[in-house]
Amino acid sequence: MASYAYSAINAQGLELSGEIQAPDVTAAREQLRARGLLAQGLKEISQASARGLRGPKKVKPKALQVFSRQFATMIEAGMSIVSALVVLEEQTDDKRLAAVIKDVRGDVEGGLLLSQAMGRHPDVFGRLYVAMIEAGEAAGILDQVLDRVAVQIEKETMIKRRVRGAMLYPLVVLSFATLVLIGMLLFLVPVFVKVFADLGGELPTLTKIVLAASNGLKGYWFVIFPLAFAIGYGLRRYKRTEAGRRAWDRFKLRVPMKIGDVVLKVTIARFSRTLSTLVAAGVDIIKALEITGQTAGNWVIEDALAEVRLKVQEGVPIAQPLTENGVFPPMVSQMVKVGEETGELEKMLTKVADFYEDEVDASVQSLTSIIEPLMMIGVGLMVGVIVISMYLPMFKLLTLIE
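Remember, predicted model here, so these are calculated numbers, not experimental data.

(A) Highlighting the side chain of Thr207. The topology assignment puts Thr207 in helix 9 (residues 205-219). By relative accessible area, Thr207 is classed as buried at 0%. When sequence neighbours within four positions are dropped, the list of residues in contact with Thr207 reads Phe196, Ser389, Met390, Leu392 and Pro393.

So, in structure tokens, the structure goes:
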């Protein structure tokens, strides 16, 4: 689909200009004619310039949520898809999203379905989003599906915000403590080194260890800091590989102090909410399980859902493979079983999602109350060890003098 800059005259004789998406020049002229415009000039422009998609900037979830909610309202009010997209393009504050909406509108005007036009922008409209729009178009309930998408984005954003907010304080304290430790080893300990040199005698073991750490950091900082950065960067790159993602996702579920439990609850909440949303939208259960696995956010759950999907394709009820797989808590399989038997799978999955989202809140608060005192104790011990190691030789000297 090419982009064309046009100048045209309307029925009142006014000259207008803008951009239009069409397969070729002839189709572009036909689109303008359908709008009541007589084309005066058409010039093809590059897709990058037309879309305004330069740079890696992403669309914020909040902007996408507002877009979906407003889109749903307009469709419910009886507006056409193109008219609604025109309004949304003009009023959105996110420039990246506005450019994408403009491109989607052009593709729809060119004859593509809304789901097909959105599918051309996977970095903005993920597979879950596109699949739901496709199901909504087929069932004639596009407004309801868009509203469900908005709820889905809102729930996911909320749960991410809660977890990140809970982890912010420990990370800040840990970063500050690390900086304090480095500062003390680089600047405070060397001050005492001169004093110890004048004292003579045998230094305590603890003091020797701290002095060795200080000398090593001060003498080889140009090796230690780049090495630490390289290790962090290497681990980050490794996590992006398939093997690294698998290892990291397994590790997250096994982290002690109930951190792994929180990760599992977050993943189960997302799985339940996503599958519920897809089932409610009328997406085929096999396809719904596939999309849910790909958007679960954890390889362990994704792998488990792949096995569930294979069993379901063989005619087995969903609850059975969920029960056989040790990853899913018993409550999930039981609720799914009840949903299948009563024909209310969507409602049961929604209840599971609500339950685990509340559980995440409670677990995060409990985890925070445990981590905060542990962090303070750790910082106190770290500073205390350095201070004590610096004063031990002086205490020893005073003993010798007496």
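(B) Spatial organisation of a positive patch on the surface. On the surface, a cluster of positive charge is made up of Arg236, Arg237, Lys239 and Arg240. Along the polypeptide, Lys239 turns up in helix 10 (residues 221-239).

(C) Spatial organisation of the packing of helix 13 (residues 285-294) against helix 14 (residues 299-313). At their nearest, the axes of helix 13 and helix 14 sit 8 Å apart, and the two run at 170 degrees to each other. When the axes of helix 13 and helix 14 are compared, the pair comes out roughly antiparallel. Taking contact as the criterion, the partners of Ile285, Ile286, Leu289, Glu290, Thr292, Gly293 and Gln294 in helix 13 are, on helix 14, Glu302, Leu305, Val308, Arg309, Val312 and Gln313.

(D) Main features of the side chain of Arg273. The residue Arg273 is located in helix 12 (residues 259-281) in this model. Not counting chain neighbours up to four residues away, the residues in contact with Arg273 comprise Gln152, Lys155, Thr350, Ala353, Asp354 and Glu357.

(E) Highlighting the packing of helix 4 (residues 81-91) against helix 5 (residues 95-109). Orientation of helix 4 relative to helix 5, taken along the N-to-C sense of each, is 160 degrees, at an axis distance of 9 Å. Judged by the angle between their axes, helix 4 and helix 5 are roughly antiparallel. Every pair of crossing elements has a handedness; the one defined by helix 4 and helix 5 is left-handed. Side by side, helix 4 and helix 5 meet where Ile81, Val82, Leu85, Val86, Leu88 and Glu89 of the first sit next to Ala98, Ile101, Lys102, Val104, Arg105, Val108 and Glu109 of the second. Its residues placed into classes, the contact of helix 4 with helix 5 shows nine nonpolar, no polar and four charged.

(F) Structural detail: the environment of Gly244. Looking at the secondary structure, you find Gly244 in helix 11 (residues 242-254). Here Gly244 falls in the buried class, since its relative accessible area comes to 1%. The contacts of Gly244, once residues within four sequence positions are left out, are Tyr238 and Lys239.

(G) Representation of the confidence of the model for the chain within the structure. Per-residue confidence for the chain gives a mean pLDDT of 83, with 90% of residues at or over 70. Across residues 47-56, confidence stays below pLDDT 50; counting only partners more than four residues off in sequence or on other chains, it has 21 contacts.

(H) Inspection of the nonpolar core at higher detail. In this structure, Phe67, Phe71, Met118, Phe125 and Tyr129 are the most contacted members of the largest nonpolar core, which totals 72 residues. A per-element tally of this core places helix 17 (residues 345-401) first, with ten residues. In this view, Phe125 contacts Leu64, Phe67, Val100, Val104, Met118 and Val130; residues no more than four positions away in its chain are not counted.

(I) Broad picture of the pattern of salt bridges. If you walk through the whole model with that rule in mind, you get 19 salt bridges. Close ionic contact of Arg105 with Glu109 constitutes a salt bridge, the shortest N to O distance being 3.5 Å. Here Glu109 and Arg105 lie together in helix 5, a separation of four residues that amounts to about one turn. Judged by relative accessible area, Arg105 falls into the buried class, the value being 10%.

What counts as what
Residues numbered from 1 in each chain as written. Predicted model: local features only at pLDDT ≥ 70, side-chain atom pairs only at ≥ 80, totals over all residues. Heavy atoms only, no water. Helix = DSSP H or I, 4+ residues; strand = E, 2+ residues; numbered from the N terminus. Buried < 20%, exposed > 50% of the residue type's maximum accessible area, 1.4 Å probe, protein only. Contact = heavy atoms within 4.5 Å. Patch = residues over 30% accessible without salt bridge, like charges linked within 9 Å, V, L, I, M, F, W, Y side chains within 5 Å. Areas by Shrake-Rupley, 256 points an atom, 1.4 Å probe, with all protein chains shown as cover. Salt bridge = Lys/Arg side-chain N within 4 Å of Asp/Glu carboxyl O. Lys, Arg positive; Asp, Glu negative; His and termini not counted. Charge placed at Lys NZ, Arg CZ, Asp CG, Glu CD. Axes fitted to C-alpha atoms, helices over the stretch in contact; angles between N-to-C directions. Parallel < 35°, antiparallel > 145°, perpendicular 65-115°, else oblique. Left-handed = near helix turned anticlockwise from the far one by under 90°. Nonpolar A, V, L, I, M, F, W, Y, C, P; charged D, E, K, R; others polar. pLDDT = per-residue confidence, 0-100. Core = buried A, V, L, I, M, F, W, Y, C linked by side-chain atoms within 4.5 Å.

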